[in-house]
Amino acid sequence: MKFLVCISKVPDTTSKIGFTDNNSKFNEAGVQFIVNPYDEWYALVRALELKEANGGSVTIITVGEQSDEPVMRKALAIGADEAVRINAKSDDSFFIAKQIAEYAKNNSFDVVLCGKETINFNSAQVPATIAELLDMPLVSLATKLDINGNTATLERDVQGGSEVVEVQTPFVLSAAKGMAEQRIPNMKGIMMARSKPLNVVEPVSVEAHTEILSYELPSGKTECKYVEADKMDELIELLHNEAKVI
Amino acid sequence: MSSVLVFADSKNNKITKASLETVAYGSKIANDNGGSCTVVTYGDIPEAELKTLGAYGAKEVVVARSASNDSQVLSKLTADVVSEKGSDVIVFSQDFTGKAVAPRVSAKLNAGLVSGVIDYPNTSEGFTVKKNAFSGKAFAYASIKTDKKVISIVPNSIGITKGEGEASVSDFQGTLATAGVTVKESKVKGGEGILLDEAELVVSAGRGLKGPENWGMIEELASEMGAATACSRPVSDIGWRPHHEHVGQTGIAIRPNLYIAVGISGAIQHLAGVNASKTIVVINTDPEAPFFKAADYGIVGDAFEVVPKLIEAYKNFKQANN
Ligand SMILES: Cc1cc2nc3c(=O)[nH]c(=O)nc-3n(C[C@H](O)[C@H](O)[C@H](O)COP(=O)(O)OP(=O)(O)OC[C@H]3O[C@@H](n4cnc5c(N)ncnc54)[C@H](O)[C@@H]3O)c2cc1C
Ligand SMILES: Nc1ncnc2c1ncn2[C@@H]1O[C@H](COP(=O)(O)O)[C@@H](O)[C@H]1O
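The notes below deal with the structure included here. The shown structure was predicted, so the numbers you read here are calculated from the model rather than taken from an experiment. Here the residue numbering is sequential within each chain, running from 1 through the sequence in written order. Labels are handed out in written order, letters beginning with A for the chains and numbers beginning with 1 for the ligands. Restriction of local features to residues with pLDDT of at least 70 applies here, the model being predicted, together with a cutoff of 80 or more for giving and counting side-chain atom pairs; totals for whole chains, interfaces and linings are based on all residues. Derived side-chain values reflect all non-hydrogen atoms in the structure, with water molecules and hydrogen atoms excluded from consideration.

With that out of the way, let us pick up the overall build of chain A. Segments assigned H or I by DSSP are reported as helices when at least four residues long, segments assigned E as strands when at least two residues long, and all are numbered from the N terminus. Looking only at helices and strands, chain A has six helices and 15 strands in total. With the C-alpha coordinates aligned to their principal axes, the bounding extent of chain A is approximately 65 × 45 × 40 Å. Relative accessible area decides the class of each residue, using a 1.4 Å probe on protein chains only: under 20% of the type maximum gives buried, over 50% gives exposed, and in between gives partly exposed. For chain A, the proportion of its 246 residues judged to be buried stands at 58%. At a minimum sequence separation of 6, the contacts of chain A that also span at least 24 residues come to 68%. Per-residue and other accessible areas were derived by the Shrake-Rupley procedure at a 1.4 Å probe size, with only the shown protein chains allowed to occlude residues. For chain A, the accessible area works out to roughly 10600 Å², and carbon and sulfur atoms hold 47% of it. The positive count covers Lys and Arg only, the negative count covers Asp and Glu only, and His and the chain ends enter neither. In this description, the location of a charge corresponds to atom NZ of lysine, CZ of arginine, CG of aspartate or CD of glutamate. Between the centroid of the 24 positive side chains of chain A and the centroid of its 36 negative side chains there is a distance of 5 Å. Contacts are assigned to residue pairs that have any heavy atoms within 4.5 Å of one another.

Attention shifts here to the site of ligand 2. All names here are of chain A. Only heavy atoms are used to decide nearness, and a residue is near a molecule or strand if one of them lies within 4 Å of it. Near ligand 2, the surroundings consist of 19 residues, among which C6, D39, A124, Q125 and V126 are the closest. Under this definition, polar contacts are N or O atom pairs within 3.5 Å; protein pairs additionally need one hydrogen-donor-capable and one acceptor-capable atom, and for neighbouring residues in sequence, both atoms have to be side-chain atoms. I7 is positioned such that a nitrogen or oxygen atom in its backbone is 3.5 Å from a nitrogen atom of ligand 2. Interatomic distance of 2.9 Å between a backbone N/O atom of V63 and a nitrogen atom of ligand 2. For ligand 2, the accessible surface in isolation is 480 Å², of which the surrounding protein chains cover 95%. Elements supplying a minimum of two residues to the shell around ligand 2: β6 (57-64), α3 (93-107), β8 (111-115) and α4 (126-134).

Within the largest apolar cluster, 42 residues are counted, with the highest numbers of intra-cluster contacts made by V39, L53, F134 and I151 of chain B. Of all the elements, helix α1 (residues 17-32) of chain B adds the most residues to this core, at five residues. Formed by 41 residues, the second largest nonpolar core is a distinct cluster that contains F3, V10, M72 and L145 of chain A. Joining through side-chain atoms within 4.5 Å is the link that ties buried Ala, Val, Leu, Ile, Met, Phe, Trp, Tyr and Cys residues into a set, and such a set is a nonpolar core.

Our focus in this paragraph is the pairing of strand β16 (residues 279-284) of chain B. Residues and elements named next belong to chain B. Most of β16 sits inside the fold, with six of its six residues counted as buried. On β16, burial covers both faces: T279, V281 and I283 on one face and I280, V282 and N284 on the other are all buried. Of the pairings in the sheet, the one linking strand β15 (residues 258-262) to β16 comprises five bridges and is parallel in character. Residue pairing for β16: Y259 is matched across the bridge by I280. At least two DSSP bridges between two strands are required for those strands to pair.

Before going further, it helps to examine the site of ligand 1. Among the 28 residues in the neighbourhood of ligand 1, the closest are listed as S232, S265, Q269, H270 and N284 of chain B. In this structure, ligand 1 is bordered by residues of chains A and B. Between ligand 1 and V247 of chain B there is a distance of 2.9 Å, counted from a nitrogen atom to a backbone nitrogen or oxygen. Within the backbone of G251 of chain B, one N or O atom sits 3.5 Å away from an oxygen atom of ligand 1. Protein coverage of the free-state accessible area of ligand 1, which is 980 Å², stands at 79%. When residues of the shell around ligand 1 are traced back to their parent elements, those giving at least two are α6 (233-237), α7 (268-274) and α9 (303-320) of chain B.

This paragraph deals with the packing of aromatic side chains. Here a Phe, Tyr or Trp ring, Trp counted by its six-membered ring, pairs with any other such ring whose centre lies within 6.5 Å, and the pair is stacked when the planes are under 30 degrees apart, edge-to-face when over 60, and tilted otherwise. Considering all chains together, one arrives at 16 aromatic pairs over all chains under this definition. When the centroid spacing of 5.8 Å and the interplanar angle of 65° are considered together, the rings of F19 of chain A and F134 of chain B count as edge-to-face. Note that F19 of chain A is positioned in strand β3 (residues 19-20) and F134 of chain B in the loop between β8 (128-133) and β9 (138-144), a pairing that runs across two chains. Considered together, F19 of chain A and F134 of chain B belong to a single accessibility category, that of buried residues. Members of the aromatic cluster, each reached through a chain of ring pairs, are F19, F26, F121 and Y215 of chain A together with F134 of chain B.

In this section: the sheet that holds β8 of chain A. What the ten strands build is an open sheet, ordered β13(A)-β7(A)-β6(A)-β1(A)-β8(A)-β12(A)-β9(A)-β10(A)-β11(A)-β12(B); its pairing is mixed. Strands with a single pairing partner mark the edges of an open sheet, and in this sheet they are β13 (198-201) of chain A together with β12 (181-188) of chain B. The mean angle between the axes of side-by-side strands here comes to 30°, regardless of whether they run parallel or antiparallel. Here an angle of 0 to 180 degrees is reported between the N-to-C directions of two axes, which are lines fitted to C-alpha atoms, with helices fitted over the stretch in contact. In the packing of helix α2 (residues 69-78) of chain A onto the sheet, contacts are made with β6, β7 (82-87) and β13 of chain A, and the angle to β7 of chain A comes to roughly 160°. Contacting β9 (138-148) and β10 (151-158) of chain A, helix α4 (residues 96-109) of chain B crosses the sheet at an angle of about 95° to β9 of chain A.

Another point: the sheet that holds strand β17 (residues 297-300) of chain B. Strand order in the open sheet formed by six strands is β15(A)-β17(B)-β16(B)-β15(B)-β13(B)-β14(B), and the pairing between neighbours is parallel. Each edge of the open sheet is held by one strand with a lone partner, namely β15 (225-226) of chain A together with β14 (228-231) of chain B. Contacting β13 (201-205), β14 and β15 of chain B, helix α5 (residues 216-225) of chain B runs over the sheet at an angle of about 175° to β13 of chain B. The strands touched by α9 of chain B are β15, β16 and β17 of chain B; relative to β16 of chain B, the strand with the most contacts, the crossing angle is about 135°.

This part covers the interface of chain A and chain B. Listed by partner, the interface residues are 78 residues for chain A and 87 residues for chain B. Around 7100 Å² of area is buried between chain A and chain B when both sides are counted, 56% of it from carbon and sulfur atoms. The largest contributions to the chain A side of the interface with chain B come from Q159, K177 and H209 of chain A, which together make up 11% of the buried area. What makes a salt bridge here is a side-chain nitrogen of Lys or Arg within 4 Å of a carboxyl oxygen of Asp or Glu, nothing more. Counting across the chain A and chain B interface gives eight salt bridges. Note that E166 of chain A is salt-bridged to K184 of chain B, the shortest N-O span being 3.8 Å. At the surface where chain A touches chain B, the tally comes to 41 residue pairs in polar contact (both at pLDDT 80 or more). Put simply, buried area is how much 1.4 Å-probe accessible surface two parts lose in total, over both of them, once they are put together.

Residue and element names in this part refer to chain A. Pairs of cysteine sulfur atoms within 2.5 Å are what we label disulfides. Going through the model one piece at a time under the given rule, you end up with zero disulfides over all chains. Cysteine C6 remains unbridged, with the sulfur of C114 as its closest cysteine sulfur at 3.7 Å. A relative accessible area of 3% places C114 in the buried class.

Dropping the structure here:
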């Protein structure tokens, strides 16, 4: 089985969010970057487990700049065999998906795994776009993955519950919580990651469909109003007459 | 921009609440621009139910009765109706189905997609939408540069407006794509339970509750109020609650009108999933709990004393208002 895992670099979950250049750019000063949790904990780790059980290879791919390489090395330290960086920076999901789809087309993978969304743009657009560009089935929001020969059995989240589904390889999935457990890279992994191949590929030419013009921070919350613990009638009255939510 | 197409999802052969919101949203865009709104949907939904979409502003409904919920099937269906109707704006709900189908439709039509939209588009200059970014910690304004535009809106961000009217209903005449994914087993809760992602009221609890046996009062409060239940991540990790109830950065993001957080500290990753709620009530023994900074109303106190009082107060309120 050849697995391709799509990895994106995102600000750490506790980062302070701010913007520069007239609110048009994310302020990276003092921000720590990590592998997008869904990509790392779920997609990557499950691909590694399946490779360890049945053989094969795990390639990670990132559409990004050289500054993305440290997080790619982390994915190699966790156990991926090789890395590919498409040398481009874009906020446009179609642009990103097209780059990954082109690479996947030329290198025929059995399963393309993505996270369910990035925690900075929360778009949940890249996985299904890759699937469409490759004309492959998609299992969106998958929480379990097993493969037997060419048949994969998955569980996926749907509204109000889940479904067990079956699909033939090749296919694309987006991974949600449950698919695997986080793995902490060990010293040996970190050492080995340094010598694993990280290939840089130039992007294909694609016109971006969308553009982010500016960002905005939510307006500050009003002060919290305290209600005494034995005055729940007062709380109900505030929720009814002041907040008007009940 | 004249013609708007809305994709509507269904559950138990009823159009979902999130989809009704999407229909109302699409119809408003169509009306503001002198166009009309068509709905495409699928499944064995009764004709009468489909006609009522007219009350939310739809002129026509096209239904593919034998289509499955597969993304390849639904994206071809939607793209076919787009080309038949000449739609310029295609609207989805950013829900389970929307996440799988909208990007495929966008790639098929070579049309730009912005997901996570929380307001009406600004069309005074180009086509710009406001969307969630950084897990609820910021917003982005994104412009779609292609002729056709696809957007998917976050449930509960616009609200539903209902008027009068009946939509005309017709069956989809084209051919359906073959589904690559086959459903072997459905573990969807039956009945009329309130779905967390569509709920207007949510009662949520965390590790402060000490154990799964103490959730009875949370469920009672929720059922009194007609609210959905939710929980923090550690609570679903240790199996006190089912994992689909977990909200936050790694769970689901919600934006109810009211979020009541009981015994939850308010870690930044938890807030990421709930801070778009209109009103937040926090019940916590620790006056220093970070959640109070994000709260509109705070109660410093023991959940085991406060929640039963709140249930009683709500019951009295319900009686007085009946
Ligand atoms: C990358 C990453 C992603 C994460 N994603 C999520 C996520 O999506 N969702 C999420 O929820 N968490 C997430 N977390 C975990 C998060 O950081 C917190 O650990 C978690 O939210 C804490 O859960 P809690 O508030 O239930 O428990 P605790 O932090 O243990 O808080 C319990 C609270 O209950 C109060 N309490 C105790 N007894 C009572 C009582 N009798 N009555 C009232 N109050 C009481 C305490 O004062 C305390 O504030 C994530 C963490 C990381 C690192
Ligand atoms: N720049 C990128 N490079 C590689 N994979 C990406 C990139 N951006 C997004 N992805 C993948 O697509 C998933 C969903 O991202 P998004 O559609 O942006 O929310 C992520 O979890 C990644 O697996």
